[in-house]
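Fold and geometry: a report
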Amino acid sequence: AVFSPRMQRDIPTVVVVPDAAVAAAADSAAGAQRFPVLYLLHGHGGSYLSWLGICDLRALAERHGMIFVCPDGENSWYWDSPLDPRSQFETFVSTELVDWVDARYPTIPAREGRAVTGLSMGGHGALWVALHHKDRFGAAGSTSGGVDIRPFPDSWHMKNQLGERDEHPERWNAHTVIEQVDSLKNGELALIFDCGYEDFFYQVNLNLHDKLLKLGVGHDFQVRPGAHNAAYWSVSLPSQLVFFERYFRTHDAQ
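Residues numbered from 1 in each chain as written. Predicted model: local features only at pLDDT ≥ 70, side-chain atom pairs only at ≥ 80, totals over all residues. Heavy atoms only, no water.

1. With respect to helix H8 (residues 230-250)
This is how it is decided: Only DSSP runs of H or I covering at least 4 residues are called helices, and only runs of E covering at least 2 are called strands; the numbering of each starts at the N terminus. The length a helix should cover is 1.5 Å for every residue beyond the first. To sort residues, take the accessible area from a 1.4 Å probe on protein chains only and compare it with the maximum for the residue type: under 20% means buried, over 50% means exposed, and anything in between is partly exposed.
Helix length check: H8 (21 residues) gives 30 Å between terminal C-alpha atoms against 30 Å at 1.5 Å per residue, within 8%. What H8 keeps buried is the set Tyr232, Trp233, Ser236, Leu237, Gln240, Leu241, Phe243, Phe244, Glu245, Tyr247 and Phe248. A positive phi of about 55° marks Asp252, the residue just after H8.

2. A short note on the packing of helix H3 (residues 89-104) against helix H4 (residues 121-132)
The condition is simple: As a rule, the C-alpha atoms of each element are fitted with a line to give its axis, helices using only the stretch in contact, and angles between N-to-C directions run from 0 to 180 degrees. In this scheme the crossing of two helices becomes right-handed for a clockwise turn of the near helix relative to the far one and left-handed for an anticlockwise turn of less than a right angle. Any pair of residues with heavy atoms lying within 4.5 Å of one another is described as a contacting pair. In this count, Pro and Cys sit with the nonpolar residues alongside Ala, Val, Leu, Ile, Met, Phe, Trp and Tyr, while Asp, Glu, Lys and Arg are called charged and the others, Gly among them, polar.
Orientation of H3 relative to H4, taken along the N-to-C sense of each, is 65°, at an axis distance of 10 Å. Crossing geometry of H3 relative to H4 is assigned as right-handed. Two secondary-structure elements touch here, H3 through Glu90, Val93 and Ser94 and H4 through Trp128, Val129 and His132. Split by residue class, the contact of H3 with H4 holds three nonpolar, two polar and one charged.

3. What to know about unusual backbone geometry
With phi around 55°, Ser120 is a residue other than glycine that occupies positive phi space. Here Ser120 is to be found in the loop between strand S6 (114-118) and H4. The residue Ser144 is not glycine, and still its phi comes out positive at about 55°. By the secondary structure assignment, Ser144 is in the loop between strand S7 (139-143) and helix H5 (158-162).

4. Notes on the nonpolar core
How we decide: What we call a nonpolar core is a set of buried Ala, Val, Leu, Ile, Met, Phe, Trp, Tyr and Cys residues that are connected through their side-chain atoms within 4.5 Å.
Ranked by internal contacts, the top residues of the largest apolar core, which has 51 residues, are Tyr39, Phe92, Val116, Leu191 and Leu208. Of all elements in the fold, only helix H1 (19-26), strand S4 (37-41), strand S5 (67-71), H3, H4, H5, strand S8 (190-196) and helix H7 (202-215) reach the threshold of two or more residues within this core. The leading source of residues in this core is H4, at seven residues. Each residue touching Val116, except ones within four places of it in the same chain, is listed here: Leu38, Tyr39, Leu41, Ala126, Ala130, Phe137, Ala139, Ala140, Gly141 and Phe244.

5. Some thoughts on the packing of aromatic side chains
We apply this condition: Aromatic pairs are defined between Phe, Tyr and Trp rings, using the six-membered ring for Trp, whenever the two ring centres lie within 6.5 Å; interplanar angles under 30 degrees are classed as stacked, those over 60 as edge-to-face, and all others as tilted.
Across all of its chains, the model carries 14 aromatic pairs by this definition. Ring geometry for Phe89 versus Phe92: centroids 6.2 Å apart, planes at 80°, classification edge-to-face. With a gap of three residues between them, Phe89 and Phe92 both fall in helix H3, about one helical turn apart. We note that Phe89, like Phe92, is buried. Ring pairs connect the aromatic residues Trp77, Trp79, Phe152, Trp156, Phe200 and Phe201, which therefore count as one cluster.

6. As for the environment of Gly141
With respect to the helices, strands and loops of the structure, Gly141 is situated in strand S7. When its relative accessible area of 0% is taken as the criterion, Gly141 is described as buried. Separated by 51 residues in sequence, Gly141 and Ile192 place their C-alpha atoms 4.6 Å apart. Ignoring anything within four residues of it in the chain, the contact list for Gly141 reads Val116, Thr117, Gly118, Gly123, Ala126, Leu127, Ile192, Gln240 and Phe244.

7. A word on H3
Under the convention used in this document: One axis fitted to the seven residues ending at a residue, another fitted to the seven starting there: the angle between these axes is the bend at that residue.
Where H3 bends most, at Leu97, the angle is about 35°. For H3, the full list of buried residues reads Phe89, Glu90, Thr91, Phe92, Val93, Ser94, Glu96, Leu97, Val98, Val101 and Asp102.

8. Description of the packing of helix H2 (residues 57-64) against H8
Stated formally: Every angle not falling under 35 degrees, over 145, or within 65 to 115 is termed oblique; those three ranges are roughly parallel, roughly antiparallel and roughly perpendicular.
It is at 11 Å that the axes of H2 and H8 come closest, and there the two elements cross at 25°. As the angle between them shows, H2 and H8 are arranged roughly parallel. Taken as a pair, H2 and H8 cross one another with a handedness that is right-handed. Contacts from Leu57, Leu60 and His64 of H2 reach H8 at Leu237, Leu241, Val242 and Glu245. Its residues assigned to classes, the contact of H2 with H8 shows five nonpolar, one polar and one charged.

9. A word on the sheet that holds strand S9 (residues 220-224)
Our working definition: Two strands make a pair as long as DSSP finds a minimum of two bridges between them.
If you trace the seven strands from one edge of the open sheet to the other, you get S3-S5-S4-S6-S7-S8-S9, paired in mixed fashion. The open sheet is flanked by strand S3 (13-16) and S9, the only strands paired with a single partner. Adjacent strand axes in the sheet meet at a mean angle of 15° when their direction is disregarded. The pairing of S4 with S6 spans five bridges and is classified as parallel. For Leu41, the partnering residue across the bridge sits in S6 and is Gly118. Sitting on the sheet, H7 touches S8 and S9, and the angle it makes with S8 is about 150°. The strands touched by H8 within the sheet are S4, S5, S6, S7, S8 and S9, with S8 carrying the most contacts at an inclination of about 165°.

What follows is the structure, given as structure tokens:
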């Protein structure tokens, strides 16, 4: 239970720690090993337990030497909602949760030691949070992400957070990931995102890829057969972990 000062309530969160990090946490000696952290965001209708049912996070944490943090994002889309003061999940993930984790685990307390990714709504959320908090996260990803919300005005409770799209088009434009990359400079964030060919979010991901190409912003974009389901995400996350592990090693974060 991680208390959010902004929302004045506890947010359920799972933290998956490799055995070596448990040992490091018990070692108070200077120079004890520290570990990079990957924040994993769930999709709409999911919870802080979702990723545990998709992948063996314990095994992946051991294999890659990472701490995984899975917060509950409710159906927030990981925005600070302009309408609902109890739904301020951009602040929670980017600031409150990061500070809480760094205070309790042997993390690398710098952007070079942090990454964030997620599925569906969480894919949007991961890119949204990273793009707005590049001082906190050095790398970000998305799998089957809703990276442009505007084609789906009546879906997934988004209007509960933003109001009706047709009544507030400027607000919807300002809260969609694809409109946040215009000022992104090449190399500011290590980016990876993917989507299955049969996914209803395939076209918006392709559009994001094309826009980043035109902007000259380097990124990894992967497509493979698959739909919007756990079978796809169980393959996607291990693939993305190779990317994040390479990022952490390249930036001397291990």
